[in-house]
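Residue-level structure breakdown
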Amino acid sequence: YSEENSQDYNVKKAKEHLKKSGIDPEDATFTCLASTDVNRRAAEVIQANLAEIGITMEIETLDYATYLNAIMSGDYEAAIAGYTSSNMYAYNIGLYHSSDAANLTRIDDQKVDSLIEQAKTQLDSTQREATFTELSEYLNDWTPFVPLYQTVVIKAYDKDLEGVVVGKDGNVAFEDVRWSA
């Protein structure tokens, strides 16, 4: 994670960028896909933000199967999506590596692939973290997608239930769970 090269929410700057680009905000309309109520509400916030600079974003809510088919095939303009992984390598290869189907932004960049592959071979956690920081800073320049929020997973269980271990990805290995004697 790095904020280097990242952009803050700035309506005035957005309007300046639009004017400089020569794009008429009224011509910059597009559709954003959502598959859940939570995603739709997030899309509504973005829709309101874009309206502040004159851009119209339509929201289309799809059933999950249709939504997945659209985003995995690349048949969409924008989408609200979530992604979960258990470590930084899995996260970055899944979202950004050109060989991965989950690369929803369709990035195909040799430097991105190279940094991900470099991190895969680094056993030293300090070196690997530095590589992922470099990758984050490089990607911040592109802003291929905008992280909106991080879901908090809360697990509650009876005190007599043993073997409950919540992994970094929020999942529980239920095969290890048992009632105490």
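What counts and what doesn't
- Note that residues are indexed from 1 along each chain, following the sequence as it is written.
- Restriction of local features to residues with pLDDT of at least 70 applies here, the model being predicted, together with a cutoff of 80 or more for giving and counting side-chain atom pairs; totals for whole chains, interfaces and linings are based on all residues.
- Neither water nor hydrogens contribute to the side-chain values; these are computed over all heavy atoms in the structure.
- Any Lys or Arg side-chain nitrogen found within 4 Å of a carboxyl oxygen on Asp or Glu counts as a salt bridge.
- Numbering of helices and strands runs from the N terminus; a helix is a DSSP stretch of H or I covering at least four residues, while a strand is a stretch of E covering at least two.
- Type-normalised accessible area, obtained with a 1.4 Å probe on protein chains alone, sets the label of each residue: buried when under 20%, exposed when over 50%, and partly exposed for intermediate values.
- Here a polar contact is recorded for every N or O atom pair within 3.5 Å, except that within protein the pair must consist of a potential hydrogen donor and a potential acceptor, and residues adjacent in sequence are included only if both atoms are side-chain atoms.
- For this analysis, residues touch if any pair of their heavy atoms sits within 4.5 Å.
- A fitted line through C-alpha atoms serves as each axis, taken over the contacting stretch for helices, and the angle formed by two N-to-C directions is quoted from 0 to 180°.
- Here is the rule for angles: anything less than 35 degrees is roughly parallel, anything more than 145 is roughly antiparallel, 65 through 115 is roughly perpendicular, and the remaining ranges are oblique.
- We call a crossing left-handed when the near helix sits turned anticlockwise from the far one by less than a right angle, and right-handed when that turn is clockwise.
- Any residue that is not Ala, Val, Leu, Ile, Met, Phe, Trp, Tyr, Cys, Pro, Asp, Glu, Lys or Arg is counted as polar, Gly included; the first ten are nonpolar and the last four charged.

Regarding the pattern of salt bridges
This structure, assessed with the given rule, holds four salt bridges. Salt-bridge contacts for Arg41 lead to Asp37; the nearest nitrogen and oxygen are separated by 3.3 Å. Residue Arg41 and its partner Asp37 are located together in helix 2 (residues 37-51), separated by four residues, close to a single helical turn. The class of Asp37 is exposed, set by a relative accessible area of 51%. For Glu162, the salt bridge is made with Arg178, and the minimal N-O distance between the two is 3.9 Å. Linking Glu162 in strand 4 (residues 161-162) with Arg178 in strand 5 (residues 178-179), this pair joins segments that are 16 residues apart in sequence. Glu162 gets classed as partly exposed once you look at its relative accessible area, which sits at 35%. In this structure Arg178 comes out as partly exposed when scored by relative accessible area, which is 45%.

Observations concerning the side chain of His97
Here His97 lies in the loop between helix 4 (88-96) and helix 5 (110-121). What makes His97 buried here is its relative accessible area of 7%. Polar contacts involving the side chain of His97 include one to the side chain of Ser99, which spans 2.8 Å. Engagement of the side chain of His97 in a polar contact is seen with the side chain of Glu117, the distance being 2.6 Å. In this structure, His97 is in contact with Asn92, Asn103, Asp113, Ile116 and Glu117, ignoring residues within four places of it in sequence.

Some thoughts on the packing of helix 4 against helix 6 (residues 125-142)
The geometry of helix 4 relative to helix 6 is characterised by a closest axis approach of 12 Å and an angle of 30° between their N-to-C directions. Classified by the angle their axes make, helix 4 and helix 6 are roughly parallel. Like other packed secondary-structure pairs, helix 4 and helix 6 cross with a definite hand, here left-handed. Listed contacts from helix 6 to Met88, Tyr89, Asn92 and Tyr96 of helix 4 are Phe132, Leu135 and Leu139. Taken together, the residues of the contact of helix 4 with helix 6 break down into six nonpolar, one polar and no charged.

Function-wise, these values are silent; they only describe arrangement.
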